[in-house]
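Inside the fold
Spelled out from the first residue to the last, the chains are:
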Amino acid sequence: MSEADPISRSSAARALCSAIEETAGLLEVDYVRDDVLRVLDVYGGELSRAVVAFRVATGAHRADELDCRFTVPRDVDPYRLAVDSGLLEETDHPVARLLADLRDNCPVDGYGIDFGVVGGFKKIWVVLPRTALHSVTELAGLPSMPHSLGKSLDFISRHGLGDTVGLLGVDYRNRTVNVYFGEPPAGGIAPESVRSMLREVDQAEPSEQMLRLGRRAFGVYVTLGWDSPVIERICFAVATTDPASLPVELDERIERFVRHVRRTDPDTRFVYAVASQPDGEYYKLQSYYRWDSGVRDIMRLPAGALADPV
């Protein structure tokens, strides 16, 4: 489908574009509608059945963006579609080969597309079956995987982050990979463990709210690149029915967004995540425009969270 042929555009793509426009308005994010439609048209054939999420972030260079993520079937090649449509440029960097390596060596359940309504195409997600999580050691041996994953295996083991992986995010713009561990420690990550991990990879000292969120984490992931031998970021994700109840401060824009989402779907859950950096930490909030039971099962709420999320 092309911009010149709007009649052929799927109704799901048109509906999602309208939802993006409404959400961007709530968040005071300016963008070019045709740029959004360009991405949706490339992958729009299966949008009616896709899991779709929106994400906002705090901090410099992040607050003026709205990210949209949606799933696509496993029988497509999302990287080739992105290159052929001009969303990505062809490159001989290992990042260009990683998706094929993963597909050839892992039982892939599906893919996800991640783009910023301002910044454009960003990532491809690789979803591994919940019943066949992949060994992090085997992933480290893939030819195109950043060598920093192999060099971090001892770190991952000592800190109990998990020995399996359920999701990977390949960031083509920044040439990094997010590795999401399949089964993080029960009960979250203890404050002393968070401090120890961050010191070991030269990250900033965690704030008190980061430590509290780590305690409640249902998911943990690390960010790795090809140009560094160590982990670049560590992120802890918390599931909640009400982000305003977490021990964090939400700015006015995000509060409006949360109220809107909860009015639309009172039973929805959000993912609130904190990510480390050498110069501090930043926060990310994800909501679901459309989700399914599998997403709900993965997003485990901590014991007592509905009554006392803090």
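An unreviewed UniProt entry lists the protein chain under the name Aromatic prenyltransferase Orf2, with Streptomyces mobaraensis given as the organism. One UniProt comment on the protein chain, placed under Sequence similarities (unreviewed entry), says "Belongs to the aromatic prenyltransferase family."

1. Section: the overall build of the protein chain
Of regular secondary structure, the protein chain possesses 11 helices and 11 strands. Evaluated residue by residue, the protein chain yields a buried proportion of 54% over its 310 residues. Of the contacts made within the protein chain by residues no fewer than 6 positions apart, 68% connect residues no fewer than 24 positions apart. Total accessible area computed for the protein chain in this model is approximately 13,800 Å², and 47% of it derives from carbon and sulfur atoms.

2. Quick word on the packing of helix H8 (residues 191-200) against helix H9 (residues 208-215)
Following both chains from N to C, one finds H8 and H9 inclined at 115°, their axes separated by 9 Å at the closest point. Considering how the two elements wind past one another, H8 and H9 form a crossing that is right-handed. Facing Pro 191, Val 194, Arg 195 and Leu 198 of H8, the residues of H9 in contact are Met 210, Leu 211 and Arg 215. In terms of residue class, the contact of H8 with H9 is made up of 5 nonpolar, no polar and 2 charged.

3. Thoughts on H8
The complete set of buried residues in H8 reads Pro 191, Val 194, Met 197 and Leu 198. An end-on view of H8 places all buried positions within 130° of arc, on one side of the element. Counted as exposed and oriented over 90 degrees from the buried face of H8: Glu 192 and Arg 199. Asp 202, located one to two residues past H8, shows a positive phi value of around 60°.

4. So, the packing of aromatic side chains
The description of an aromatic ring pair rests on the distance of the ring centres and on the angle between the ring planes. Taken as a whole, this structure holds 8 aromatic pairs when the rule is applied. Considering the side-chain rings of Phe 54 and Tyr 289, the 5.9 Å spacing of their centres and the 35° angle between planes classify their relative orientation as tilted. With Phe 54 in strand E1 (residues 52-57) and Tyr 289 in strand E11 (residues 280-290), this residue pair connects regions lying 235 residues apart in the sequence. Here Phe 54 falls in the buried class, since its relative accessible area comes to 4%. Linked through ring pairs, Tyr 43, Phe 70, Phe 115 and Phe 121 together constitute an aromatic cluster.

5. Some details on the pairing of strand E8 (residues 219-225)
The element E8 is extensively covered by neighbouring structure, given that 7 of its 7 residues are classed as buried. Residue alternation in E8 divides its side chains into two sets, Gly 219, Tyr 221, Thr 223 and Gly 225 and Val 220, Val 222 and Leu 224, and both sets are buried. Pairing between strand E7 (residues 176-181) and E8: 5 bridges, direction antiparallel. Within E8, the position partnered with Val 179 by the bridge is Val 222.

6. Looking at the pairing of strand E9 (residues 233-240)
In the case of a regular strand, side chains alternate between the two sheet surfaces. Across the 8 residues that make up E9, a large majority, 7, are buried. Pairing between E8 and E9: 5 bridges, direction antiparallel. Following the sheet pairing, Val 220 is matched in E9 by Phe 236. Sheet topology places E9 next to strand E10 (residues 270-277); 6 bridges connect them, and they run antiparallel. Bridging across to E10, Thr 240 finds its partner in Phe 270.

7. Looking at the environment of Val 274
Within the secondary structure layout, Val 274 lies in strand E10. As for Val 274 and Val 238, which are separated by 36 residues in sequence, their C-alpha atoms are 8.7 Å apart. The contacts of Val 274, once residues within four sequence positions are left out, are Met 210, Leu 213, Ile 234, Cys 235, Phe 236, Glu 281, Tyr 282 and Tyr 283.

8. Quick look at unusual backbone geometry
Although it is not a glycine, Glu 28 adopts a positive phi angle of roughly 60°. We classify Glu 28 as exposed; its relative accessible area is 52%. In the Ramachandran plot, Asp 202 falls in the positive-phi region, its phi being about 60° despite a non-glycine side chain.

9. A look at the packing of helix H1 (residues 11-27) against helix H10 (residues 252-264)
Interhelical geometry of H1 versus H10 gives an angle of 140° and a closest axis separation of 8 Å. Between H1 and H10, the crossing angle belongs to the class labelled oblique. For the pair H1 and H10, the contacting residues are Glu 22, Thr 23, Leu 26 and Leu 27 in the first and Arg 253, Ile 254, Arg 256, Phe 257 and His 260 in the second. Partitioning the contact of H1 with H10 into residue classes produces 4 nonpolar, 2 polar and 3 charged.

Quick notes on the rules
Residues numbered from 1 in each chain as written. Predicted model: local features only at pLDDT ≥ 70, side-chain atom pairs only at ≥ 80, totals over all residues. Heavy atoms only, no water. UniProt positions renumbered as here; feature names shortened; annotations may be inferred. Helix = DSSP H or I, 4+ residues; strand = E, 2+ residues; numbered from the N terminus. Buried < 20%, exposed > 50% of the residue type's maximum accessible area, 1.4 Å probe, protein only. Contact = heavy atoms within 4.5 Å. Areas by Shrake-Rupley, 256 points an atom, 1.4 Å probe, with all protein chains shown as cover. Axes fitted to C-alpha atoms, helices over the stretch in contact; angles between N-to-C directions. Left-handed = near helix turned anticlockwise from the far one by under 90°. Nonpolar A, V, L, I, M, F, W, Y, C, P; charged D, E, K, R; others polar. Arc of directions from axis to C-beta. Phe/Tyr/Trp six-rings, centres within 6.5 Å; stacked < 30°, edge-to-face > 60°. Pairing = 2+ DSSP bridges. Parallel < 35°, antiparallel > 145°, perpendicular 65-115°, else oblique.

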